[in-house]
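Geometric and topological summary
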Amino acid sequence: MYRWLDERLSLSRFNKKFLRKAFPVHHSFFLGEITMFAFITLVLTGIFLTFNYEPSSRLIKYMGRELPAAYASILYIDSLPFGAVLRSVHHWSANVMIAAAFLHMLRILISGAYKKPRELNWLLGLALLGLSVVTAFTGYSLPFDAFSVTATQIGYGIGASMPYIGEWVSQLIFGGEYPTLHSIPRVYSLHVLWFPLLLMALIGAHMLIMIKQKHTQPAYAEKVAPGKILGVPMMPQQGYMMGVLFLLYLAVVFFIGGSYIAHPVEAFGPPTASTPAVKPDWYFLWIYGILQIIPGDLKIPLPFGAAINSEFIGGVLVPGLLGIAAVLLPFLDTRKTKQRYLELPTRHPVRTSVTFALIAFLLTTSLAGWKQEFGFSNLQLWTIIIVGTLATYLTSYLIIVSYWGKAPKGEAGELEEA
Amino acid sequence: MSKKTDTTRRAIVGATVGVGLGLGAISMLVPIGALKPKKEVTPETEPPKKGDVFVFAEGDKKGDEISFADLPKEGPAVLAFPKDPKTGVIKNGERNNMVLLIRLDPGELSPETAEYAADGTVAYSAICTHLGCTVSEWLPDKGDLMCPCHKGIYDPRQGAKVVGGPPPRPLPALPLQVQDDKPVCAGGFTSPVGVVAGLEPQGGSCAV
């Protein structure tokens, strides 16, 4: 059988090229795989949800109540056997996917793996992270309850605050001034069709480039076998580990989804005229925090009557600048030779400290999202954010330099020939 | 064939393909432009205009007309939709029509606010100018309005100017007048409703 197929499809060539690909042995290398497992889980649970979901906000009669069809269909999904569990697993997998993708990116960042020749895959990875967040956000409005409509309205407002093009972009994505009858069908098609297709294509390109370029080697590989690729082959060893990890992932996410129903649609209720107090998922909390403490009278006029205002700064400009910095990173922090070995974070005190400072910034701005609950003032929060970020940078820089010393030029992963 | 005619032929073919692609791309602007749906104005989505009465937007009395006696003294604000008294159509097809009605002590109103008020009652757009949530919370100790989304606070006694939080501009006011013990709309909103990418407009766009 194998021979019959091999003679037609030359499986041995495929086997040699792809299935024998060496995977470096280090636990941090599983972060990318967890991201992919979460995506697969999202697609599979998403298929179940699309079979039972009605993408429309028209009012229908459901169980004696007049409700938007989308909201009613979520109540129906929750009434199905395992329906609420699968919906929760979908929700939690989205959270895991974004978290794992972000941690995967941090691993690449502190180990210098974004450098030549992997700039392209760094950019693709950033696009994947951004697209994952956007795709998650387009799923926010689908339950069409009071909470999700409010959260999506905030997203609409952030988009609309962009000077000149804002209103057009927001209306394009949300089918007019959200919520209109066009909104749910449009956001639905983005969430279940166009963005997932784009994600699949980008993930495919990300994988192919990774297989072509090979993983960066952990630093010890340089001492053990300089110039050689160390690792276990894709099949069978890495494949078994991946299989076990995937089952473990499913077990954990089903345990969480089964014991804690995410987004209780029945409790939030159908959309109301007044707005409930909303707090976004943790991956938007930092933007939510910045939006709360940015001065409202901040306004930079632009020609032709437009302006840069506080919503744009908090919702678009700050995340956008971080994104641009990440895009430029491999072109500013360059090297002439090809990067083969991971750089030790302790050998690059500035980069590592900046990474820690970035985490401190995200945590302190997320803290600002709890402004009301903790009773902080804007001044206190700005102090915490600025001092916290700078202090994290300085302390981690000082600790690294005093413990491990500065990396002399030409050392640490720059030994190999061009 | 000489080399010269060959290059000319190539140039012509290239130019033809280029013009074709360019025109094709330009023609795609029409369907792409249509992705922003046209706004249809129906009686339900029309903006408030002079003479409109108000109805409750939520609660047990949803849809009932509001008279001054229905409004609690010194707040809290009541969430309302305008209603055309002639046709009886409630204009709740458009979120941006949502209005906050607040009955205050006439002596406390700033001169500018008093101009729009009727019998101490003021009306503001309920849509937060920050990111478009409904300004649906009432802070009883100061008598201020608060948006629950990013905690923007407005003072209804001073033209709903921003007294806390991130909103960039005051809530648009809706001029009122008294008619048969009811607050009645005396004109359109004094400024654009909701999130605006541009600067704060100087004059009012009063649709009378």
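Residues numbered from 1 in each chain as written. Chains lettered and ligands numbered in written order. Predicted model: local features only at pLDDT ≥ 70, side-chain atom pairs only at ≥ 80, totals over all residues. Heavy atoms only, no water.

Residue and element names in this part refer to chain A. One pass over the structure, following the stated rule, counts 18 aromatic pairs over all chains. With a centroid separation of 5.9 Å and 80° between ring planes, the pair formed by Tyr-140 and Phe-284 is classed as edge-to-face. Of the two residues, Tyr-140 sits in helix H6 (residues 119-140) while Phe-284 sits in helix H13 (residues 282-293), which places them 144 residues apart along the sequence. Three or more aromatic residues link up through ring pairs in this structure, and these residues are Phe-137, Tyr-140, Tyr-156, Phe-174, Tyr-178, Trp-282, Tyr-283 and Phe-284. (Phe/Tyr/Trp six-rings, centres within 6.5 Å; stacked < 30°, edge-to-face > 60°. Helix = DSSP H or I, 4+ residues; strand = E, 2+ residues; numbered from the N terminus.)

This paragraph deals with the pairing of strand E2 (residues 78-83) of chain B. All names here are of chain B. Of all six residues that make up E2, six are buried, and the element is covered over most of its length. With burial as the criterion, each face of E2 is covered, one bearing Val-78, Ala-80 and Pro-82 and the other bearing Leu-79, Phe-81 and Lys-83. By the bridge criterion, four bridges tie strand E1 (residues 53-56) to E2 in an arrangement that is antiparallel. Paired with Phe-56 across the bridge in E2 is Ala-80. Bridge count for E2 against strand E3 (residues 99-103) is three bridges, and the pairing is antiparallel. Bridge assignment links Leu-79 to a residue of E3, and that residue is Leu-100. (Buried < 20%, exposed > 50% of the residue type's maximum accessible area, 1.4 Å probe, protein only. Pairing = 2+ DSSP bridges.)

Attention shifts here to the UniProt feature "transmembrane region" (unreviewed entry) in chain B. As recorded in UniProt, the sites labelled "transmembrane region" (unreviewed entry) are residues 12-35 of chain B. Along residues 12-35 of chain B, the helical share is 92% and the strand share 0%, with 36 Å between the first and last C-alpha atoms. (UniProt positions renumbered as here; feature names shortened; annotations may be inferred.)

The UniProt entry lists residues 96-185 of chain B under the feature "domain: Rieske" (unreviewed entry), expressed in the numbering used here. Helix and strand shares over residues 96-185 of chain B are 7% and 34% respectively, and the end C-alpha atoms of the span are 15 Å apart.

Residues and elements named next belong to chain A. For strand E2 (residues 59-62) and strand E3 (residues 65-68), the ladder comprises four bridges, and the chain directions are antiparallel. What sits directly across from Lys-61, in E3, is Glu-66. In textbook terms, the turn of a hairpin is the stretch between consecutive antiparallel strands, and for E2 and E3 this stretch comprises two residues, one of which, Met-63, has a positive phi near 50°.

Residue and element names in this part refer to chain B. Spatially, four strands are ordered E5-E6-E7-E8 in an open sheet, and the strand pairing comes out antiparallel. Each edge of the open sheet is held by one strand with a lone partner, namely strand E5 (137-139) and strand E8 (161-164). Going across the sheet, the axis of each strand differs from the next one's by a mean of 40°, ignoring polarity. By the bridge criterion, three bridges tie E5 to strand E6 (residues 144-146) in an arrangement that is antiparallel. Bridge pairing in E6 links Trp-138 to Leu-145. (Axes fitted to C-alpha atoms, helices over the stretch in contact; angles between N-to-C directions.)

All names here are of chain A. Residue position: Ser-132 is located in helix H6. Classification of Ser-132 by relative accessible area gives buried; the value is 7%. Those residues within four positions of Ser-132 in sequence are excluded, and the remaining contacts are Met-97, Ile-98 and Leu-199. (Contact = heavy atoms within 4.5 Å.)

This next bit is on the nonpolar core. Formed by 90 residues in total, the largest nonpolar core has its most connected members in Tyr53(A), Phe54(B), Ile66(B), Leu101(B), Val135(B), Leu145(B) and Leu171(B). Domain assignment of the residues forming this core places at least three in each of domain 1 (21-343) and domain 2 (344-417) of chain A. Contacts of Ile66(B), omitting those with residues within four sequence positions, involve Phe54(B), Val55(B), Phe56(B), Leu71(B), Val78(B), Ala80(B), Leu101(B), Lys182(B) and Pro183(B). The next biggest cluster of nonpolar side chains, apart from the first, holds 20 residues, and it includes Ala38(A), Val85(A), Leu131(A) and Leu199(A). (Core = buried A, V, L, I, M, F, W, Y, C linked by side-chain atoms within 4.5 Å. Domains from an automatic or database assignment.)

Turning to the packing of helix H3 (residues 31-52) of chain A against helix H4 (residues 69-79) of chain A, a few remarks are in order. All names here are of chain A. Following both chains from N to C, one finds H3 and H4 inclined at 120°, their axes separated by 9 Å at the closest point. The angle between H3 and H4 falls in the class oblique. By crossing handedness, the relation of H3 to H4 is classed as right-handed. Taken together, the residues of H4 that come into contact with H3 (itself represented by Phe-48, Leu-49 and Asn-52) are Ser-73, Tyr-76 and Ile-77. Residues of the contact of H3 with H4, tallied by class, amount to four nonpolar, two polar and no charged. (Parallel < 35°, antiparallel > 145°, perpendicular 65-115°, else oblique. Left-handed = near helix turned anticlockwise from the far one by under 90°. Nonpolar A, V, L, I, M, F, W, Y, C, P; charged D, E, K, R; others polar.)

Bringing the interface of chain A and chain B into the picture now. Counting residues at the interface gives 40 residues for chain A, matched by 37 residues for chain B. Roughly 3000 Å² is buried in total at the junction of chain A and chain B, and carbon and sulfur atoms are behind 58% of that figure. Summed over the shared surface of chain A and chain B, the number is one salt bridge. Note that Lys39(B) is salt-bridged to Glu177(A), the shortest N-O span being 3.4 Å. Summed over the shared surface of chain A and chain B, the result is eleven residue pairs in polar contact (both at pLDDT 80 or more). Per-element accounting of the side of chain A that touches chain B gives the leading share, six residues, to helix H7 (residues 146-160) of chain A. Per-class residue counts for the side of chain A that touches chain B are 19 nonpolar, 16 polar and five charged. (Buried area = accessible area lost by both parts, 1.4 Å probe. Salt bridge = Lys/Arg side-chain N within 4 Å of Asp/Glu carboxyl O. Polar contact = N/O pair within 3.5 Å; in protein donor to acceptor, adjacent residues only side chain to side chain.)

You can see Glu94(B) is positioned in the loop between E2 and E3. Residue class for Glu94(B) comes out buried when judged on its relative accessible area of 13%. Other than its neighbours up to four places away in sequence, Glu94(B) contacts Glu177(A), Lys39(B), Glu44(B), Thr45(B) and Phe81(B).

The next thing to look at is the sheet that holds E2(B). Residues and elements named next belong to chain B. With antiparallel pairing, the four strands of this open sheet are ordered in space as E1-E2-E3-E4. Two strands bound the open sheet, and with one partner strand each, they are E1 and strand E4 (121-125). On average, each strand axis in the sheet is tilted by 45° relative to the strand beside it, whichever way the strands run.

As a further point, take the state of the cysteines. Applying the stated criterion to the full structure yields one disulfide over all chains. With no disulfide of its own, Cys147(B) lies closest to Cys128(B) among cysteine sulfurs, the gap being 3.9 Å. (Disulfide = S-S within 2.5 Å.)

Residues and elements named next belong to chain A. Tallied over the full model, the rule gives 21 salt bridges over all chains. Of the charged contacts, one joins Arg-3 and Glu-7 as a salt bridge, the two residues approaching to 3.4 Å between their closest N and O atoms. Residue Arg-3 and its partner Glu-7 are located together in helix H1 (residues 2-9), separated by four residues, close to a single helical turn. Owing to a relative accessible area of 63%, Arg-3 belongs among the exposed residues under this scheme.

As a further point, take helix H17 (residues 378-404) of chain A. Since the α-helix packs 3.6 residues into each turn, any two residues three or four apart lie on the same face. Residues and elements named next belong to chain A. Counted at 1.5 Å a residue, the expected span for H17 with its 27 residues is 39 Å, and the 38 Å between its end C-alpha atoms agrees. For H17, the full list of buried residues reads Leu-381, Ile-385, Thr-389, Ser-396, Tyr-397 and Ile-400. On its buried face, H17 is in contact with H13, helix H15 (349-368) and helix H16 (371-374). Two residues or fewer past H17, Gly-405 is found with a positive phi of approximately 75°. (Expected span 1.5 Å × (residues − 1).)

The next thing to look at is the domain arrangement of chain A. Residue and element names in this part refer to chain A. Here the domain parsing of chain A yields domain 1 (21-343) and domain 2 (344-417). Taking only C-alpha atoms into account, the centre of domain 1 sits 24 Å from that of domain 2. Tallying the contact residues gives 29 residues for domain 1 and 26 residues for domain 2. Buried area between domain 1 and domain 2, both sides added, is near 2300 Å², and the carbon and sulfur share of it is 63%. Counting across the domain 1 and domain 2 interface gives three salt bridges. At the boundary of domain 1 and domain 2, one finds nine residue pairs in polar contact (both at pLDDT 80 or more). The dominant element in the side of domain 1 that touches domain 2, judged by the number of residues it contributes, is H13, at seven residues.

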